[in-house]
Amino acid sequence: MDLDPRPLVATAVGIAAEAAELVQSIRRSAIDDVDTKSTETDVVTAGDRAAEQLVRSRLAELRPGEPVLGEEEGGDTPSEGLSWVVDPIDGTVNYLYGYPWYAVSVAAQLDGVSVAGVVLEPVSGRVWTAARGHGAQLDGVPLRVSSASRLEVSLIGTGFSYSAQRRQRQADVVSGLITRVRDVRRAGAASLDLCAVAAGWLDGYAEHALNRWDWAAGALVAAEAGAVVHLPGDVAALGADATFAAAPGIAEELRAALVDCGFGEV
Ligand code: LIP
């Protein structure tokens, strides 16, 4: 890759910081302005919409002509060239409830592969960053995944779909896994769950039915921190629709256990 992705990280951090301030101000003033999307539990707030509009406006100023894919206004990811992927609030239900695990996620992709990413937490102010080939950082401090080597004492993150039918199948998989690991965490924001793997706060994470905007930045943070990462479309690993990140010492054991519990067919 000839491109130096580090300036793209700086651009994304500045934009995400502005969006984070906006979502917090809206949370204080207009959190009741809520609509639903795919199901009654799949919500979109005024904060989601306003933050994505701000990010798109700043990218148009700073990176004119580069396509943007966002959760609320759509778009596409070209197979060639530089583009941007935005989740204005990842963890929208947490944001709605005031549960402080949500983030603004902005990633730059080259030919559809993440090369720069930021996951910025409006509540704590934590800034997770990664540039491909240049490592991952939390508030500028380098990140490294855990040294976990035994699945039975590993802490694993996951998440569930907004579709109740699919959630039941996902829960069936987790019920098979729960006795094979230390414990499971379901915190509600994929980008931050992937960052938690990068920081060693989780030993592994796997979830179905994520969208590109959910994983585009967080998966790069995890990979640059040394995680084994599988993304949707990596059918041989975990089926067509899985997002996976794990410390190398347990990655294959966790992947095999997930397949054994039916993760690949949900
Ligand atoms: C969320 C994901 C989370 C998943 C939730 C939801 P959103 O994204 O980050 O991992 O379990 O169901 O999809 O909708 O808050 O941007």
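Residues numbered from 1 in each chain as written. Predicted model: local features only at pLDDT ≥ 70, side-chain atom pairs only at ≥ 80, totals over all residues. Heavy atoms only, no water.

1. Structural notes on the overall build of the protein chain
Applied cut-off: Think of it this way: any DSSP run of H or I at least four residues long counts as a helix, any run of E at least two long counts as a strand, and we number them from the N terminus. Note on method: radius of gyration uses C-alpha positions; expected globular size equals 2.2 Å times residues raised to 0.38. Every residue pair with non-hydrogen atoms within 4.5 Å of one another is taken to be in contact. When charges are counted, Lys and Arg contribute as positive and Asp and Glu as negative, whereas His and the chain ends are disregarded. Taken as the charge location is NZ of Lys, CZ of Arg, CG of Asp or CD of Glu.
Across its full length, the protein chain carries nine helices and 14 strands. Relative to a compact globule of 266 residues, whose C-alpha radius of gyration would be 18 Å, the protein chain shows 17 Å and is just as compact. Its C-alpha atoms give the protein chain principal-axis dimensions of roughly 50 × 45 × 35 Å. The long-range fraction of contacts in the protein chain, counting pairs at least 24 apart against all pairs at least 6 apart in sequence, stands at 63%. Taken together, the 21 basic and 37 acidic charged side chains of the protein chain have centroids lying 4 Å from each other.

2. Observations concerning the pattern of salt bridges
Worth spelling out the cut-off: Between Lys or Arg on one side and Asp or Glu on the other, a salt bridge is scored when a side-chain nitrogen of the former is within 4 Å of a carboxyl oxygen of the latter. Only protein chains enter the accessibility calculation, which uses a 1.4 Å probe; a residue whose area is less than 20% of its type maximum is buried, one above 50% is exposed, and one in between is partly exposed.
Under the counting rule described, the total for this entry stands at 14 salt bridges. Across the salt bridge formed by Asp260 and Arg180, the nearest N and O atoms sit 2.8 Å from each other. In this pair, Asp260 sits in helix α9 (residues 248–260) while Arg180 sits in the loop between α4 (164–177) and β11 (183–185), placing the two residues 80 residues apart along the sequence. Overall, Arg180 belongs to the partly exposed group, its relative accessible area being 33%. The partner of Asp183 in a salt bridge is Arg185, with the nearest N and O atoms 3.1 Å apart. Residue class for Asp183 comes out partly exposed when judged on its relative accessible area of 31%. Where salt bridges share partners, they join Glu18, Arg58 and Glu61 into one cluster.

3. Let's talk about the nonpolar core
Definition in use: Buried Ala, Val, Leu, Ile, Met, Phe, Trp, Tyr and Cys residues that are joined via side-chain atoms within 4.5 Å together make up what is termed a nonpolar core.
Counting 57 residues, the largest nonpolar core has Leu143, Leu177, Phe244, Leu254 and Leu258 as the members making the most contacts within it. The element contributing the most residues to this core is helix α5 (residues 190–199), with seven residues. Excluding anything up to four places from it in sequence, Leu177 contacts Ile156, Leu254, Ala257, Leu258 and Cys261. One finds Leu8, Ile26, Val68 and Ala116 within the second-largest nonpolar core, a separate group that totals 31 residues.

4. Observations concerning the domain arrangement of the protein chain
Heads up, the rule is: Annotation comment: domain bounds sourced from an automatic or database domain assignment. Note: buried area is the sum, over both parts, of the accessible area (probe 1.4 Å) each one loses when the two are combined. Each polar contact in these results corresponds to two N or O atoms within 3.5 Å; when the atoms are within protein, one needs to be able to donate a hydrogen and the other to accept it, and residues that are neighboring in sequence are counted only if both atoms are side-chain atoms.
Domains assigned within the protein chain are domain 1 (6–142) and domain 2 (151–265). For domain 1 and domain 2, the distance between their C-alpha centres works out to 21 Å. Between domain 1 and domain 2, the residue contacts involve 42 residues of the former and 24 residues of the latter. Interface area lost by domain 1 to domain 2 is led by Asp90, Trp101 and Trp128, which between them contribute 27%. Here domain 1 is connected to domain 2 by zero salt bridges. Here domain 1 is connected to domain 2 by 10 residue pairs in polar contact (both at pLDDT 80 or more). When contributions to the side of domain 1 that touches domain 2 are tallied by element, the ones reaching two or more residues are β3 (68–70), β4 (82–90), α3 (92–97), β5 (103–110), β6 (113–120), β7 (127–131) and β8 (136–138).

5. Notes on the site of the ligand
Convention followed: Proximity criterion: a residue is near a molecule or strand once any of its heavy atoms comes within 4 Å of it. Note that accessible areas follow from Shrake-Rupley with a 1.4 Å probe, and for residues the cover is restricted to the protein chains shown. Polar here means any residue outside two lists: the nonpolar Ala, Val, Leu, Ile, Met, Phe, Trp, Tyr, Cys and Pro, and the charged Asp, Glu, Lys and Arg; Gly therefore counts as polar.
As a matter of local geometry, the ligand sits amid 17 residues, with Asp90, Gly91, Tyr162, Ala190 and Glu207 nearest to it. Within the side chain of Arg186, one N or O atom sits 2.8 Å away from an oxygen atom of the ligand. Protein contact buries 93% of the 370 Å² of open area that the ligand shows by itself. No other element matches the three residues that β4 contributes to the shell around the ligand. Across the shell around the ligand, the residue classes tally to seven nonpolar, four polar and six charged.

6. Some details on the sheet that holds β11
Quick reminder of the rule: One requirement defines pairing of two strands: DSSP has to find at least two bridges between them. Note on method: axes are straight lines fitted to C-alpha atoms, helices fitted across the in-contact stretch only, with angles between N-to-C directions ranging 0 to 180 degrees.
Overall, mixed pairing links the five strands, which are arranged β11-β10-β12-β14-β13 in an open sheet. The open sheet has two edge strands with one neighbour each: β11 and β13 (228–230). Taken over all neighbouring pairs, the strand axes of this sheet differ in orientation by 15° on average, direction set aside. Note: β13 against strand β14 (residues 242–246), three bridges, orientation antiparallel. Residue pairing across strands places Val228 opposite Ala246, the latter belonging to β14. Sitting on the sheet, α9 is in contact with β10 (155–157), β12 (204–208), β13 and β14, with an inclination near 145° to β14.

7. Regarding the packing of aromatic side chains
Selection rule: Under the pairing criterion, centres of Phe, Tyr and Trp rings, with the six-membered ring standing for Trp, must be within 6.5 Å; the plane angle then separates stacked pairs below 30 degrees from edge-to-face pairs above 60, leaving the rest tilted. The criterion is that NZ of a Lys, or CZ of an Arg, lies within 6 Å of the ring centre and within 35 degrees of the ring normal, and then a charge sits over that ring.
Using the criterion set out here, one finds two aromatic pairs in the structure. Aromatic pair Tyr95 and Tyr102: ring centres 5.2 Å apart, planes at 75°, arrangement edge-to-face. Judged by relative accessible area, which is 0%, Tyr95 ranks as buried. A relative accessible area of 3% places Tyr102 in the buried class. For the pair Trp128 and Trp201, a centre-to-centre distance of 5.2 Å together with 80° between the ring planes defines the contact as edge-to-face. Residue Trp128 is located in strand β7, and its partner Trp201 is located in the loop between α5 and β12; the two are separated by 73 residues in the primary sequence. The lysine or arginine in question, Arg27, covers the ring of Tyr95, its NZ or CZ lying 5.9 Å from the ring centre.

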